[in-house]
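# Results of the structural survey
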Amino acid sequence: MTDDDRTTFHSLLSLMLEKSCRAVGHLSTTGRFKKCYLAVIEWRTINGPGYRYYHSEEYLYKKNSSGLSNHQSSGRRPRDESWPSAVPFPYEPFESAGHIRVLELEAGEGLEPLTGRLVPMDLRTAQEFEAVSYVWGQQHHGTYLTCDGRQISITTPVAEMLRRFRLPDRPRRLWIDAICINQRDVLERNSQVGLMGDIYRSAARVLIWLGEEDAQTVDAFKIFEDAYLAIDKAITRYGSYPTLLNLLESELPAPDDKRWIAFGALMYRPWFTRTWILQEVSLARVASVHCGQYWCYWSHLALLLRAFHYTAALRAIDVDLYWSSTVASIAAQTEPQQHIKPSLLRLLAATIDTGATNPRDKVYALLGIAGDGAAFRSGIDYDKSVADVFREVAIRYLDAPNDNLLALHLASDPAWRSERSLPSWAPDFHIGATRAMTLLGMSCAKFSPPCECEAPNVSNNGMLLNIKGVVKTRITGTGRRLPVRAPGTHAVDALFFLEQWRTMAKRLRHYPTNEPIDEAFSRTLIVNQQTLLSKSEQQTPQTYHMYFQQFRDSYLAGEWQPDNLYAKTLLYHHYLQNACRRRTFFVTQDGHMGLGPYFARRDDLVVRFHGAGTPFIIRKRKGGWYRLVGEAYVHGMMEPEPCWSDSWQLLSLV
Ligand SMILES: [Zn+2]
């Protein structure tokens, strides 16, 4: 470890110790790469030992974001090994499949003890109940709920939540996974998880619990209300909304309104970062968002979050809405009235940054809302290894490709892999394990037209991917790697690295596309996204370099303020962040430059696979096999290889 790494790691340690108050344990580093630690923290509680893994990046990210400091934000569901042992509650087995239990929480107020009973129900004929969507926070069970005269141990945050949801005058029927599913019974878990979509669909209302309120919560809800009213008024006045939002800017709270910071903190609560909540919120008939005593309708909040994409005035607000707006947009795409829903793989791509305590849930949590989710539902099995769950998803999409080899584009850089037994061509969907973005969504990807060529196939017990490819060139040098940043944070400090990349680019002298080197370089940094330019600008050869220069100059002059820059320069910077995040710059033997996987290195091969939208980087292994390193953008080499080319060869990836 270098000194920097050590400091990082120690701050990680102290943060963990501070978060789990009873923690006395050890921390160890694993993994082959020095930047890729896996921290293991152990603690002992009255209930016995427990442990959790944290990816260092995940933790530093949380540490650096102000909104999260108050939250234990790790886990979500008790569906993993860290479920502490206590005297188990004697759950009655279900009469038959399709049955659930609902907690009937007795009326009460304030600190009166929590009591209730578990009511078995047939989901098809269930009486009215509400389902709770929340983050499984701390794992140790501080308190209990009396159910049918016996105690179920629950965490303090769950108890706080129950007190908020408890009605003063009558019982309330709630479905809460931690209480209503016997977490110790794997078979029950498997079958109940398959029902989860139906449970949230059947609930009269979904109650989203963001946690207890803090000093900022009141401001957050107030500014939300002001902004929502302005948007609602405009919609009533003009009809449709994406086009009209610019008309109402004057009625929105100003971008420098201090309350936006409070709103940003609320939108950064851990609930927004978890995989499970997508299904819970998108299937809900009605959903409401609660934080302490405050609440609002989810549909209203989602409208505002989606409006951030369309409205310049909202985009100028300097708060991080990456997670929350992703949730709002996925929920909109997958709600029941949508006829065409995204495939499981598309959803996995969009949610690669979300988290699930049990990595299998990265897949299982999406089955209720994926267009093709039903095909996977019978395979839910928590006894299966994580690697097998991920590999089976990849095989389904690669063996008979129908989604332009998207699975291959999502295959993770070795740097982010946590599942070592996963073949290199299969994406590792675990948090922090995969790059956040595929180049596919960007305009640079280019596919060959449909053809009769043979599709890739998987052999050797599902471990080997055989695919047609053309080796184009070889990497001769890679740049310094940008520090890994959370999405949405300002990465202007990356300029230092960009200068080093630029020096490498300058050494190429003449570029294969005949563009000036500076222009080729500026285009590479944003993977040549065309959408930034107007028609007339597209015809002039040096436009991107101009935006790059403006970005660079304003930063060097210490004037990096979003509101004194041209909108296009800001947009250029935004594209740059997205494209360079978790990638590295490289140059090739034949004089090209590109952006590739973080751990691409000298002598890796640049290859074009038949059917894929971008070039890929692969690494030679023994026995004539290759490992996939990841997708790449190579400036001037984005045209697909024609089917009739005689350079195709069959490549076997392990
Ligand atoms: Zn072909």
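Here, the structure is the one placed above.
We now turn to the structure provided with this report. (Residues numbered from 1 in each chain as written. Predicted model: local features only at pLDDT ≥ 70, side-chain atom pairs only at ≥ 80, totals over all residues. Heavy atoms only, no water.)

## What to know about the overall build of the chain
- Per the secondary structure count, the chain includes 21 helices and 20 strands.
- Counting the 654 residues in the chain, one finds 58% classified as buried.
- Within the chain, residue pairs in contact and separated by at least 24 positions form 69% of the contacts whose partners lie at least 6 positions apart.
- Of the roughly 27700 Å² of accessible surface on the chain, 51% is carried by carbon and sulfur atoms. (Helix = DSSP H or I, 4+ residues; strand = E, 2+ residues; numbered from the N terminus. Buried < 20%, exposed > 50% of the residue type's maximum accessible area, 1.4 Å probe, protein only. Contact = heavy atoms within 4.5 Å. Areas by Shrake-Rupley, 256 points an atom, 1.4 Å probe, with all protein chains shown as cover.)

## What about the nonpolar core?
- Ranked by internal contacts, the top residues of the largest apolar core, which has 136 residues, are Trp175, Phe263, Trp298, Trp425 and Phe609.
- Looking at this core element by element, the count peaks at nine residues for helix H15 (residues 386–398).
- Composition of this core by domain shows at least three residues from each of domain 2 (185–358) and domain 3 (385–654).
- Judged by nonpolar contacts, the second largest core, of 30 residues, contains Tyr511, Phe521, Leu525 and Val527. (Core = buried A, V, L, I, M, F, W, Y, C linked by side-chain atoms within 4.5 Å. Domains from an automatic or database assignment.)

## A look at the sheet that holds strand S3 (residues 99–105)
- One open sheet accounts for nine strands, arranged S7-S6-S4-S3-S8-S5-S9-S10-S11; its pairing is mixed. The sheet is open, and its two edges are formed by strand S7 (150–154) and strand S11 (294–297), each paired on a single side. Strand-to-strand, the axes of this sheet are offset by a mean angle of 35 degrees, without reference to chain direction.
- Note: strand S9 (residues 205–209) against strand S10 (residues 287–291), four bridges, orientation parallel. Pairing of valine 206 across the sheet is with alanine 287, part of S10.
- Contacts between helix H5 (residues 186–202) and the sheet are confined to S3, strand S5 (130–134), strand S8 (172–175) and S9, with S3 contributing the most and set at about 70 degrees to the helix. (Pairing = 2+ DSSP bridges. Axes fitted to C-alpha atoms, helices over the stretch in contact; angles between N-to-C directions.)

## Here we look at helix H21 (residues 567–580)
- For H21, spanning 14 residues, the distance from its first C-alpha to its last is 20 Å, which sits close to the expected 20 Å at 1.5 Å a residue.
- Listing the buried residues of H21 in full gives Thr569, Tyr572, His573, Tyr575, Leu576, Gln577, Ala579 and Cys580.
- Of the surrounding elements, those touching the buried residues of H21 are helix H17 (495–506), helix H18 (517–524), helix H20 (543–556), strand S14 (583–588) and strand S15 (593–597).
- A positive phi of about 60 degrees marks arginine 582, the residue just after H21. (Expected span 1.5 Å × (residues − 1).)

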